[in-house]
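Each chain is listed here by its residues.
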Amino acid sequence: MAPVSPVSPRRGVTTLLALLFALVAAAAGAVALPEQPDDVVWLCRPDLPADPCRGDLGTTVYRDGQPPEVVRPTAGPRDVDCFYVYPTVSTELSYSASKEVAPPLRFIAEQQAQRFSQVCDVYAPVYRQRTLLALRSPGSPEQARAAAELAFADVARAWEQYLANDNRGRGVVLIGHSQGTRMLRQLLRERIEPDPAVNARLVSAVLAGGNVVVPRGADVGGDFRTVPLCRERAQTHCALAWSLFGETPPADARYGVTPTTPEAAPQPYGAGYEVACVNPAAPGSTDEVALHTLVRTGTAPQALGTALPTPPTPWLRPAQRYRAQCAHVNGAHVLLAAPQPGAPPLGPFPDPGWGLHVADLTLPLGDAVDTVAAQISAYRRH
């Protein structure tokens, strides 16, 4: 199939922002299956026959004024694992999701985690997360707390099973977004750091859009006692964390603003702390640098609308390019993105307080994979 030329950047303004919610809405008709709540259910693991975290990584690269180019990344050694926890995508009409491997879970794994299969074997548990319905109707603090405990129990149980049956002393990269990041913050704090042997196997943690907390002016001591923020691309045993915005966050922004009260998932809070920001494209730098955006297209091309081209490969790099830098703005600490010439600005979705949350991993996905690859190489040399 011949590639289609990129469409006008103006028509692509909302594509990267609406991508995840569009497919969630389309998949809302999934039928629940019988489940055994205490069993570990895996969305991704290397021995699954239809693993959404593995697949063809062929990518069509678009550049303004040039013909598209197809590149096919080669996979490296499989001596390190990635443990991925997905964000809020469940469309079930309940406060907490079941353990059904529903279409939104498969899609988000393909969109966010599949690219990491180039550098690691990906394990991803299904967990009874708070659903999109619960996000719209949060309920009481007690209900939210109980739901968070249920979700974390599933993630922790899967982690313990992975350690017992699959890890075999291998290094591990944690990867999460939004609710998934909240789960991994707690897992790292409560289950990994207290165990020196397991803590030593932590290659790094990619914790996007989940308000990782550090003391103001420090890299460690908030959420984590031994795991600092990454300040070099090849640094190991550290965390990459960011919240993406395309404009100045409002004072009541959902992400990037230091919490003043405890959340359903425990974390430090108060004036002495701030939300962490590490640019995955340039850890340790506050300069504005170009981002390497990658978008999955083969799973559900209808979710992309007409704003992006239809390539001959499952992945594309859009012609629209962006730059980003960590910045303190209006009381928030965020990864602030700006368009390069010819690309449209990215407005917030679904409202200003969310910023570019749904694109937290999509916009800098290539950078996150490249940084994790450098960290894994450094871990092997230790």
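Cut-off values and rules
- Residues numbered from 1 in each chain as written.
- Predicted model: local features only at pLDDT ≥ 70, side-chain atom pairs only at ≥ 80, totals over all residues.
- Heavy atoms only, no water.
- Salt bridge = Lys/Arg side-chain N within 4 Å of Asp/Glu carboxyl O.
- Helix = DSSP H or I, 4+ residues; strand = E, 2+ residues; numbered from the N terminus.
- Buried < 20%, exposed > 50% of the residue type's maximum accessible area, 1.4 Å probe, protein only.
- Contact = heavy atoms within 4.5 Å.

Further remarks concern the pattern of salt bridges. The tally for this structure, following the rule as stated, stands at 18 salt bridges. The salt bridge involving Asp154 is made with Arg157; its shortest N-O contact spans 3.3 Å. Here Asp154 and its partner Arg157 are both found in helix α4 (residues 141–167), 3 residues apart, which amounts to about one turn of the helix. A relative accessible area of 3% places Asp154 in the buried class.

The next thing to look at is the environment of Val206. Looking at the element boundaries, Val206 is found in strand β7 (residues 202–208). Between the C-alpha atoms of Val206 and Thr181, which are 25 residues apart in sequence, the distance is 8.3 Å. Sequence-distant contacts of Val206, defined by excluding residues within four places in its chain, comprise Val173, Leu174, Ile175, Gly176, Leu240, Trp242, Leu361 and Val372.

Looking now at unusual backbone geometry. In this structure, the amide linkage connecting Phe349 to the following residue, Pro350, adopts the cis form with an omega of 0°. Tracing the backbone shows Pro350 in the loop between β16 (332–339) and α7 (365–381). We note that Ser178 has phi near 55°; this positive angle belongs to a residue other than glycine. Tracing the backbone through its elements, the reader meets Ser178 in the loop between β6 (171–177) and α5 (179–192).

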